[in-house]
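# Topology and contacts: notes
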Amino acid sequence: MAIGSIFLVFLTVLILAESNYIAYNTSQGIVPGKLNVHLVPHTHDDVGWLKTVDQYYVGSNNSIQGASVENVLDSIVPALLADKNRKFIYVEQAFFQRWWRQQSEALQNVVKELVNTGQLEFINGGMCMHDEAAVHYIDMIDQTTLGHRFIKQEFGQTPRIGWQIDPFGHSAVQAYLLGAELGFDSLFFGRIDYQDRAKRKDQKSLEVIWRGSNTLGSSAQIFAGAFPENYEPPSGFYFEVDDDSPIVQDDVLLFDYNVQERVNDFVAAAVSQANITRTNHVMWTMGTDFKYQYATSWFRQLDKLIHYVNKDGRVNALYSTPSIYTDAKFASNESWPLKTDDFFPYADRANGYWTGYFTSRPALKGYVRMLSGYYLAARQLEFLKGRNSSGPKTDALAEALSIAQHHDAVSGTEKQHVANDYAKRLSIGYKESVELVASSLACLTGSRSNTGCDNPTTKFEQCPLLNISYCPSSEMDLSHGKSLVVIVYNSLGWKREDVIRIPVTSESVIVRDSEGREIESQLLPLANASVALRNYHVRAYLGISPTDTPKFWLAFPATAPPLGFSTYIVSSAEGPKSTMSTIYTQGSENGTIEVGKGDLKLIYAANEGKLTHYINSRSSVKASVEQSYSYYSGDDGSGDDPQASGAYIFRPNGTFPIKPEGQIPLTVLRGPLLDEVHQRISPWIYQITRVYKGKEHAEFEFTVGPIPIDDGIGKEIATQITTTMMTNKTFYTDSNGRDFIKRIRDYRSDWDLQVNQPVAGNYYPINLGIYMEDNRTEFSVLVDRSVGGSSLLDGQIEMMLHRRLLFDDSRGVGEPLDEEVCVPDECTGLTVQGKIFVRIDPLGEGAKWRRSVGQEIYSPFLLAFTEQEGDKWTSSHVPSFSALESNYSLPDNVAMITLQELEDGNVLLRLAHLYEMAEDKDLSVMTRVDLKKLFPGKKITSVTEMSLSANQERTEMEKKRLVWKVEGPPKEETIVRGGPIDPSKLVVDLAPMEIRTFVIAFDHNSFLQR
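The rules we used
- Residues numbered from 1 in each chain as written.
- Predicted model: local features only at pLDDT ≥ 70, side-chain atom pairs only at ≥ 80, totals over all residues.
- Heavy atoms only, no water.
- Helix = DSSP H or I, 4+ residues; strand = E, 2+ residues; numbered from the N terminus.
- Rg over C-alpha atoms; globule rule 2.2 N^0.38 Å.
- Buried < 20%, exposed > 50% of the residue type's maximum accessible area, 1.4 Å probe, protein only.
- Areas by Shrake-Rupley, 256 points an atom, 1.4 Å probe, with all protein chains shown as cover.
- Salt bridge = Lys/Arg side-chain N within 4 Å of Asp/Glu carboxyl O.
- Contact = heavy atoms within 4.5 Å.
- Pairing = 2+ DSSP bridges.
- Axes fitted to C-alpha atoms, helices over the stretch in contact; angles between N-to-C directions.
- Phe/Tyr/Trp six-rings, centres within 6.5 Å; stacked < 30°, edge-to-face > 60°.
- Lys NZ or Arg CZ within 6 Å of the ring centre and 35° of its normal.
- Polar contact = N/O pair within 3.5 Å; in protein donor to acceptor, adjacent residues only side chain to side chain.
- pLDDT = per-residue confidence, 0-100.
- Lys, Arg positive; Asp, Glu negative; His and termini not counted.
- Disulfide = S-S within 2.5 Å.
- Patch = residues over 30% accessible without salt bridge, like charges linked within 9 Å, V, L, I, M, F, W, Y side chains within 5 Å.
- Parallel < 35°, antiparallel > 145°, perpendicular 65-115°, else oblique.
- Left-handed = near helix turned anticlockwise from the far one by under 90°.
- Nonpolar A, V, L, I, M, F, W, Y, C, P; charged D, E, K, R; others polar.
- Expected span 1.5 Å × (residues − 1).

## Looking at the overall build of the protein
A tally of helices and strands in the protein yields 19 helices and 49 strands. A compact globule built from 1010 residues would reach a C-alpha radius of gyration of about 30 Å, and the protein, at 31 Å, matches this within 12%. Its C-alpha atoms give the protein principal-axis dimensions of about 120 × 70 × 65 Å. A burial count over the protein gives 63% of its 1010 residues as buried. Summed over its atoms, the accessible surface of the protein is roughly 37,700 Å², and 50% of this surface lies on carbon and sulfur atoms.

## Digging into the pattern of salt bridges
Under the definition given, this model contains 64 salt bridges. Between D185 and R160 there is a salt bridge, with the nearest N and O atoms lying 2.7 Å from each other. One end of the pair, D185, is in the loop between α7 (172-176) and β5 (186-189); the other, R160, is in the loop between α6 (137-155) and β4 (161-164), with 25 residues separating them in the sequence. When its relative accessible area of 8% is taken as the criterion, D185 is described as buried. Relative accessible area serves as the criterion here: at 25%, R160 is assigned to the partly exposed category. Residue K695 is joined to D498 by a salt bridge in which the shortest nitrogen-to-oxygen separation is 2.5 Å. You can see K695 sitting in the loop between β28 (685-692) and β29 (698-704) and its partner D498 sitting in strand β13 (residues 496-504), a full 197 residues away along the chain. Classification of K695 as buried rests on a relative accessible area of 17%.

## Thoughts on the environment of S218
With respect to the secondary-structure elements, S218 resides in the loop between β6 (207-210) and β7 (222-226). Sequence separation between S218 and W964 is 746 residues; the distance between their C-alpha atoms is 9.4 Å. Among residues more than four places away in sequence, those in contact with S218 are R211, E973 and I975.

## Thoughts on the sheet that holds strand β49 (residues 995-1002)
Note on sheets: strands pair through backbone hydrogen bonds, and any given pair is parallel or antiparallel. With antiparallel pairing, the four strands of this open sheet are ordered in space as β43-β44-β49-β46. Sheet topology places β43 (894-901) and β46 (940-946) at the edges, where each strand pairs with a single neighbour. Averaged over all adjacent pairs, the angle separating strand axes in this sheet is 20 degrees, with direction ignored. With six bridges connecting them, β46 and β49 associate as antiparallel partners. Looking at β49, one finds that S942 is bridged to A1001. The strands that helix α12 (residues 362-385) touches are β43 and β44 (907-913); relative to β43, the one it contacts most, it runs at about 55 degrees.

## A word on unusual backbone geometry
Put simply, F344 and P345 share a cis peptide bond, and its omega is -10 degrees. With respect to the element layout, P345 can be found in the loop between β11 (338-339) and α12. Between G705 and the following residue, P706, the backbone shows a cis peptide bond with an omega angle of -10 degrees. One non-glycine residue, T279, lies in the positive phi region at around 70 degrees. Within the secondary structure, T279 is located in the loop between α9 (259-274) and β8 (281-286).

## Quick look at the side chain of T52
Checked against the element boundaries, T52 lands in the loop between β1 (36-41) and α2 (53-58). You can call T52 buried: its relative accessible area is 7%. In contact with T52, not counting residues within four places along its chain, are H417, V418 and D421.

## As for the packing of aromatic side chains
According to the stated counting rule, one finds 50 aromatic pairs in the structure shown. Relative to W284, the ring of F266 lies with its centre 4.4 Å away and its plane at 45 degrees, an arrangement referred to as tilted. Placement of the pair is F266 in helix α9 and W284 in strand β8, with a sequence separation of 18 residues. Each member of the pair, F266 as well as W284, carries the same accessibility label: buried. Three or more aromatic residues joined by ring pairs make a cluster, and in this case those are F88, F237, F239, F266, W284, Y292, W298, F299 and Y319. One residue, R262, lies across the ring of F237, its end atom 4.5 Å from the ring centre. Taking the ring centre of W553 as reference, the NZ or CZ of R501 above it sits at 4.3 Å.

## Remarks on the sheet that holds strand β19 (residues 579-580)
Strands sit in the order β13-β17-β16-β19 across an open sheet of four strands; the sheet is mixed. Looking at the sheet topology across the chains shown, the edges are occupied by β13 and β19. Of the pairings in the sheet, the one linking strand β16 (residues 522-525) to strand β17 (residues 552-560) comprises four bridges and is antiparallel in character. Counted as the bridge partner of L524 is W553 from β17.

## Examining the pairing of β6
Side-chain alternation along β6 places E207 and I209 on one buried face and V208 and W210 on a second face that is also buried. Strand direction decides the pairing type here: β6 and β7, joined by four bridges, are antiparallel. Its bridge partner lying in β7, W210 is registered against I222. Where β6 lies against β11, two bridges are found, and the strand directions are parallel. Following the sheet pairing, I209 is matched in β11 by L338.

## Remarks on the environment of L401
Relative to the assigned elements, L401 resides in helix α13 (residues 395-404). Counting along the chain gives 290 residues from L401 to V691, while the straight-line C-alpha distance between them is 33 Å. Those residues in contact with L401, other than ones at most four positions away along the chain, are V368, L371, S372, Y375 and L426.

## Some remarks on helix α8 (residues 194-203)
One turn of the α-helix equals 3.6 residues, which is why residues spaced by three or four share an orientation. By the burial criterion, the buried members of α8 are Q195, D196, R197 and R200. Considering only its buried residues, α8 is in contact with β6 and β11. With a side-chain oxygen positioned 2.8 Å from the backbone nitrogen of Q195, the residue opening α8 is D193. The first or second residue beyond α8 is K204, which carries a positive phi of 55 degrees.

## So, the confidence of the model for the protein
When pLDDT is averaged along the protein, the result is 94; 96% of the residues meet or exceed 70. Here residues 1005-1010 is a poorly scored stretch, pLDDT under 50, and it has 23 contacts once near neighbours within four places are set aside; other chains count.

## Some thoughts on the side chain of E798
If you trace the backbone, E798 turns up in strand β37 (residues 796-804). Buried charge without a partner: E798 forms no salt bridge, and the closest opposite charge is R745, 10 Å away. Leave out the neighbours within four places in its chain, and E798 touches Y632, A718, T719, Q720, Y763, G788, G789, S790 and L792.

## A few points about the state of the cysteines
All chains considered together, the criterion is met by two disulfides. Disulfide pairing is shown between C463 and C471; the S-S distance is 2.0 Å. Across the S-S bond linking C463 and C471, the dihedral sits near 60 degrees, which makes this disulfide right-handed. Summarising the burial analysis for this pair, C463 and C471 share the class buried.

## Some points on a nonpolar patch on the surface
A surface patch of nonpolar side chains, amounting to about 380 Å² of accessible area, comprises V252, L253, L254 and Y257. Mapping L253 onto the fold places it in the loop between β7 and α9. The exposure class of L253 is partly exposed, given its relative accessible area of 39%.

## Remarks on the packing of α12 against α13
To describe two helices that pack against each other, one gives the angle between their axes and the distance between the axes. Contact geometry of α12 with α13 gives a least axis separation of 11 Å together with a crossing angle of 140 degrees. In terms of orientation, α12 and α13 fall into the oblique class. Seen along the crossing, α12 lies across α13 with a hand that is left-handed. Between α12 and α13, the residues in contact are V368, L371, S372, Y374 and Y375 and L397, A398, L401 and A404, respectively. Grouping the amino acids of the contact of α12 with α13 by side-chain chemistry returns eight nonpolar, one polar and no charged.

## Structural notes on the packing of α12 against helix α14 (residues 416-444)
Orientation of α12 relative to α14, taken along the N-to-C sense of each, is 30 degrees, at an axis distance of 9 Å. The element α12 and its partner α14 pack so that their crossing is left-handed. A per-class count over the contact of α12 with α14 returns 17 nonpolar, four polar and two charged.

## Some thoughts on helix α10 (residues 295-312)
With 18 residues, α10 should cover 26 Å at 1.5 Å per step; its first-to-last C-alpha distance of 26 Å lies within 8% of that length. The element α10 is largely enclosed, with a buried count of 14 among its 18 residues. After α10 finishes, the residue G313 shows a positive phi value of roughly 90 degrees.

Have a look at this one:
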């Protein structure tokens, strides 16, 4: 009887406390006068890092990381459909496009509706979230354009917001060019220096108006916000199925009911963030890496939080997006602090400077840069031939390059197998583009009697391993009446001359131009170091051992017209015709050695083999100059602070000079075109210094590696070039190859820097170059890839060339930066070959060289080879060609950075002014480009100016631009922009630092009618 009574009582309690279905109210919008907490559901999906891009997409290789982007996107759609108030943002189009093409038309229509209603919003919108330190601005534009045009074509949408939440520091070019010039209304990011962040929290200046360009000023400013900590939710609000944050348990029949506790946690976190944020709006980034694989686990908790927090009433919670948040900030009519320059370098703690990745994986960085310039040229040739839907295209290279710009790709911060995957994709894309280039040149050089494109028979070869003196085409036997035809294509918009170097097997060769005139040429014996490099790496890359070894480099001057080509014929000669270089090997004598046939002379001390002076007789510059090599010992993290030097972090533990005992062995090759100085700096560093007769800069070609680690010490290799200039701690580095930014050693413009790492804390990314100046001269160094560099002493420039480290730096990649090359199973450390270019000018005259030669480094001559019997090539083929009107070229201050035929037959054209305001007395001026002369013989039917990514008309973009208020009195500005195009004249005006983007329609497409 007692047991029955107890059961009845328990049953009564259950009935009275029955848990009913709860309809969560998630419809709340912004409430004026309250603190509004904008909950932004998002996932951050690395386009490769610990796993490859495809492994991340399908969810394979989960022993490394449990992540599947396919699951994320599959899961998001039904979760959004379950509640019309839910929202989600997505960024990486490389993943989204993979998913999109797998979906049925019915599901695609559902997703389009989610996009149209604003539940699903594309943010940033590029193929990846590109890096901001190790990337070139042209690559940033290209990868963003690829994503933006897809979004426009499929959804009719134009992304409004920049979302660079994970890159390791942020560039000025990102703010104004890949922000404001895209039509973005705001830019949000996660990583700024820990000292900078602390001050900004204190001053409520995490959100600013960022003017990244001194030249374009307020016309290209953007509202920018750094997150209080990172791009993740506040602590305790992670809701993936395996996260350990407390959920909102609101079922009264279950234990651990905690609604009020969770509401209190929410309000406390919101108020804490509001205390460091201006206005009554704060944003919570509700997600992180590869989250929402089971989206309902997140949205269920967010629904509850919105419902119960708003019932509590102390703050207002709502589903939001960065667009809604930006509009709310703008509507507040607040005045914001002004930010100029950039957010480099980035440190997350006293010894944690993320400046090592500026150089990490230098071979991959060089490969990306080389293929970037090649892609620019290949698109031009694809356009000139006419895009063919069935033939080879540049699309595969475009996608591979776009993925390679990811902030864990070209940055060098990925696992080794992922770096291999990036390189593989680039190689596949390059291979197809090589076919495209070959077929285009076959068409353009085709028979004079027709267009040459019906059945082109010429088979052109190219030599991607020319840097290691391997080029089967040029190594052919010319002794039986055969000749080598060399096509020299110039992708620049002005006539260009350069010295070409190709390996040959015989000294009895002669070079002629297309008119049959003999061209002066020079033979340089192939160094033993070059032969060893060639043989080893041909086996590594191609799996074959070269049967023959060329004996010489053949050097000859080549000239090519703008956007066009010239032809040169190399044939056998009876007896030597090319001038053989004389060879001088240094002895122990005193005195000096002078190198250089033209205006530039380099002077070496004969007894030490060291560079001592730089003399330019034309400009009357004479300077003391020395070059040295050293290595930083990578910290192993065994001290009080466990921070090691690694793929991301540069933490040196001492610096050590690299030099042989006694004098540096020195060999000089002299000839009519160039002189070379060969030096074995150490058993694993070889350098060739070149001085060309017709150039006023020196070229330093370095070969570094394998870096020895048998002493158990990782090493970071740097070269220093030292002058006697008085530079007052000041130097200048480029921003993504575009603007130059003033740097001062041990100084930050935004806060009082506490110096903890005097070397790593003064390193900056270099993509174009670095220079310094005093009251008489300016000293410039240009690079062929991204590197890290600085001026650690007055009068000295330093660049890091290579890194090999033995410990992980605890930033997530989980392996040391220890790259190897294997042949086939025997592995050695990676050897890197690259170039730097050095020049000293009178003060105020260096910009012209930096800008023009910088373009030539990015866009070298494209060489293609074929062979012929006899000497009938020029009579049966087109020997020279320019796409521009005869005698027309682009102005010296303008570059054509995009010429591409689109899928619809229209043409995408980008023109870039190369100079900043007041950078050069002659070239920092408004300039003009005549489109009729750019496209001669073609009737232009329309020219539409577009945003930078070509996804909206420029006029519409400007109409929508938000005009933000800035704290303090207005600054006087003189901002100049090119005006609208007169359709009758078709002339484009370009002001300093302007990039103008156009879509052009023609009445027909082929450029092969001559």
